Amino acid sequence: MKKMLSMILAVACLMMALGTFPAMAEEQTVINLFYGTDSTGALQQIIDAFEAAYPQYKVNWIEAPASQDTSHDMLVTSLAAGESVYDVFSCNVIWPAEFSQAGYCLAIDRFLEQDDFDLDDFSQGYVDAYTFQGKMWGLPWYGNVGMLYYRTDIIDTPPTTWDELIEMAQAHAGEGGTKTGFVLQAAQYEGLVCNALEFIGSYGGTVVDGDGNITINNDGVRKALTKMKEIVDSGIVPENFNSFMENECTNMFLAGEAIFMRNWPGTYASAVDPEMSQVSENVGVAVLPAGDAGSAATLGGWGWMINRNTEHPEAAWEFIKFVAGPEGQKINAIVASQPPTYMPLYDDPEVLAANPHFANMRESLEAAFTRPVSPIYTALSEIMQINISNVLLGQATVDEAVVAMEEQMNAKLAEYNQ
Ligand code: GLC
């Protein structure tokens, strides 16, 4: 027995010495990653593929909260304290100005150069979104644009205007087991601003001009907020509409309880999955309804950044290059229906088979309404969140809210420019 044991030990030692046990012989570098939940499993698949291709790395996924505002604040608290808890993190398309200005993330230009990483095939708009003051601060991952989901067993032709949406939701109330007409993101958080900007865009309103001046006190904004208020008062939204973020909307639509839903493209994968959705056979998608100035959709999206204080910059780069590169984006497009920012994937038959509506996605992303690019975007957004909520909850009139937003945004800007 003893003899056998020592023989096994000797063989094991020999194998190690010869490097036949690479994982044991070599220490793995752990890459700590901060990202929200993903019910589709796409990110886990990407991580698995990455770990298989780079056995020297191990990814430790630390789950971020579902509300992007809460994850923003968690990240900022850690990054501002100079911590290196997260090596890489996903970054909303509206954060690069703030994060790079505050010194939270690493410029990736030297890595791009060192690897000859070609950005020509990425969406220029998203490359621009991660560029600030001449440097690149992250890699774009997926694009996002607001769209309308509807039940094809109840609605033949989707509404083309907000008024039509209200009429249809009222006319078909309760059909097909539904409990509500329309779900949208109306809780007091960034998603509300995204939804409101779609109304604002569709009524020709603006919030900030190209020079950064606040232009929010205009008729388009007044019409947009009036229409939003009409919608929440028309009986077509759930009573607790002001607690709805993306997940609450998705859950209700997938349970077969809503006729219409405003959401991002990523909901599609679960909506058509019979294991996750009661309505997998009856999902229609369309552009958002129009106001008197056409239809508008807000541009969203996420990329990947490297913590400026990471102890493993090279490993972090290898990871973001993989997750946001062609292979990672393809998995994300097929499994999670997330629109690629690596544009050749829009000609990929497997991506199109999983997402027939991606045929028009390239144009939608190009036409989308962008949120103001500013290091104080989060503060400006918070002002909109509070005042728009006040309108929807009947605590302020549209006129009062518009004047308040103008004053508060100008004050914030003045404070920042001091
Ligand atoms: C989506 C968008 C993001 C937006 C957020 C609002 O995640 O991609 O840009 O800020 O929704 O909830």
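It should be emphasised that the depicted structure is a prediction, and the values quoted were computed from it without experimental measurement. (Residues numbered from 1 in each chain as written. Predicted model: local features only at pLDDT ≥ 70, side-chain atom pairs only at ≥ 80, totals over all residues. Heavy atoms only, no water.)

## Digging into the domain arrangement of the protein chain
Phase 1: Domain boundaries in the protein chain define domain 1 (29-144 + 300-369) and domain 2 (145-298 + 374-417).
Phase 2: Each of domain 1 and domain 2 has a C-alpha centre, and the two are 26 Å apart.
Phase 3: Each side of the interface is counted separately: domain 1 has 28 residues, and domain 2 has 24 residues.
Phase 4: Summing both partners gives a buried area of about 2,000 Å² for domain 1 against domain 2, and 65% of it is carried by carbon and sulfur.
Phase 5: Interface area lost by domain 1 to domain 2 is led by N144, H357 and F369, which between them contribute 31%.
Phase 6: For the pair domain 1 and domain 2, the number of links is 0 salt bridges.
Phase 7: Here domain 1 is connected to domain 2 by 6 residue pairs in polar contact (both at pLDDT 80 or more).
Phase 8: Contributions of two or more residues to the side of domain 1 that touches domain 2 are made by α4 (68-80), α5 (96-101), α14 (326-336) and α16 (361-367). (Domains from an automatic or database assignment. Contact = heavy atoms within 4.5 Å. Buried area = accessible area lost by both parts, 1.4 Å probe. Salt bridge = Lys/Arg side-chain N within 4 Å of Asp/Glu carboxyl O. Polar contact = N/O pair within 3.5 Å; in protein donor to acceptor, adjacent residues only side chain to side chain. Helix = DSSP H or I, 4+ residues; strand = E, 2+ residues; numbered from the N terminus.)

## Side note on the side chain of K227
Phase 1: Summarising the element assignment, K227 is placed in helix α10 (residues 219-233).
Phase 2: With residues near it in sequence (within four places) discarded, K227 still touches W162, D163, I166, F199 and Y203.

## Overview of the pattern of salt bridges
Phase 1: Inspection of every chain in the model, using the stated rule, returns 16 salt bridges.
Phase 2: Residue D115 pairs with K321 through a salt bridge whose shortest N-O separation is 2.6 Å. Taken together, the residues span a long stretch of sequence, with D115 in the loop between α6 (109-114) and α7 (124-129) and K321 in helix α13 (residues 313-323) at a distance of 206 residues.
Phase 3: We classify D115 as partly exposed; its relative accessible area is 28%.
Phase 4: Judged by relative accessible area, which is 19%, K321 ranks as buried.
Phase 5: A salt bridge links K229 to D233; the nearest nitrogen and oxygen atoms lie 3.3 Å apart. Of the two residues, K229 and D233 are both situated in helix α10; the distance of 4 residues between them amounts to about one turn of the helix.
Phase 6: Residue D233 is classed as exposed on the basis of its relative accessible area of 52%.
Phase 7: Taken together, the salt bridges that share partners define one network made up of D115, E318 and K321. (Buried < 20%, exposed > 50% of the residue type's maximum accessible area, 1.4 Å probe, protein only.)

## Section: the sheet that holds strand β7 (residues 147-151)
Phase 1: Taken together, 4 strands build an open sheet; the order of strands is β8-β9-β7-β10 and the sheet is mixed. Every interior strand has two partners, whereas the edge strands, β8 (180-183) and β10 (283-286), have only one. Across the sheet, the mean angle separating the axes of adjacent strands is 15 degrees when strand polarity is ignored.
Phase 2: Note: β7 against strand β9 (residues 258-263), 4 bridges, orientation antiparallel. Note that in β9 the partner of L148 across the bridge is R262.
Phase 3: Helix α8 (residues 162-171) rests against β7, β8 and β9 of the sheet, and its axis sits at about 150 degrees to β9. (Pairing = 2+ DSSP bridges. Axes fitted to C-alpha atoms, helices over the stretch in contact; angles between N-to-C directions.)

## Here's the deal with the layout of surface pockets
Any empty space left between atoms is shown by rolling a water-sized probe over those atoms.
Phase 1: Counted as a void, the largest pocket has a volume near 960 Å³.
Phase 2: Contributing to the lining of the largest pocket are 44 residues, with T37, Y142, E246, N247 and Q338 lying nearest its centre.
Phase 3: The element best represented in the lining of the largest pocket is helix α11 (residues 246-254), accounting for 6 residues.
Phase 4: Per-class residue counts for the lining of the largest pocket are 17 nonpolar, 22 polar and 5 charged.
Phase 5: Structurally, the lining of the largest pocket is a two-domain feature, drawing no fewer than three residues from each of domain 1 (29-144 + 300-369) and domain 2 (145-298 + 374-417).
Phase 6: Empty space within the second largest pocket amounts to approximately 430 Å³.
Phase 7: What lines the second largest pocket is a set of 23 residues, and nearest its centre among them are V93, G125, A129, L299 and T370.
Phase 8: Secondary structure elements with two or more residues in the lining of the second largest pocket: α5, α7, β4 (131-132) and α16.
Phase 9: If you tally residues by element for the lining of the second largest pocket, the top one is α7, at 5 residues.
Phase 10: Across the lining of the second largest pocket, the residue classes break down as 13 nonpolar, 6 polar and 4 charged. (1 Å grid on protein atoms, 1.4 Å probe; cavity = no way out; pocket = protein on both sides within 12 Å on 5 of 7 lines; lining within 4 Å. Points joined across faces, edges and corners; volume = space filled by probe spheres on them. Nonpolar A, V, L, I, M, F, W, Y, C, P; charged D, E, K, R; others polar.)

## Brief notes about the nonpolar core
Phase 1: Counting 132 residues, the largest nonpolar core has L33, F99, F182, F260, W304, F319 and M384 as its most contacted members.
Phase 2: Two domains each provide a minimum of three residues to this core, namely domain 1 (29-144 + 300-369) and domain 2 (145-298 + 374-417). (Core = buried A, V, L, I, M, F, W, Y, C linked by side-chain atoms within 4.5 Å.)

## Points about the site of the ligand
Phase 1: Around the ligand sit 13 residues in total, of which N92, N144, E246, G301 and R371 are the nearest.
Phase 2: Within the contact set of the ligand, an oxygen atom lies 2.7 Å away from a side-chain nitrogen or oxygen of N144.
Phase 3: Between W264 and the ligand, the recorded distance is 3.1 Å, taken from a side-chain N or O atom to an oxygen atom.
Phase 4: Considering the ligand on its own, with 310 Å² of exposed area, one finds that the protein chains cover 94% of that surface.
Phase 5: If you map the ligand onto the pockets, it falls in the largest pocket. (Near = heavy atom within 4 Å. Areas by Shrake-Rupley, 256 points an atom, 1.4 Å probe, with all protein chains shown as cover. Sits in = over half its atoms within 2 Å of the grid points.)

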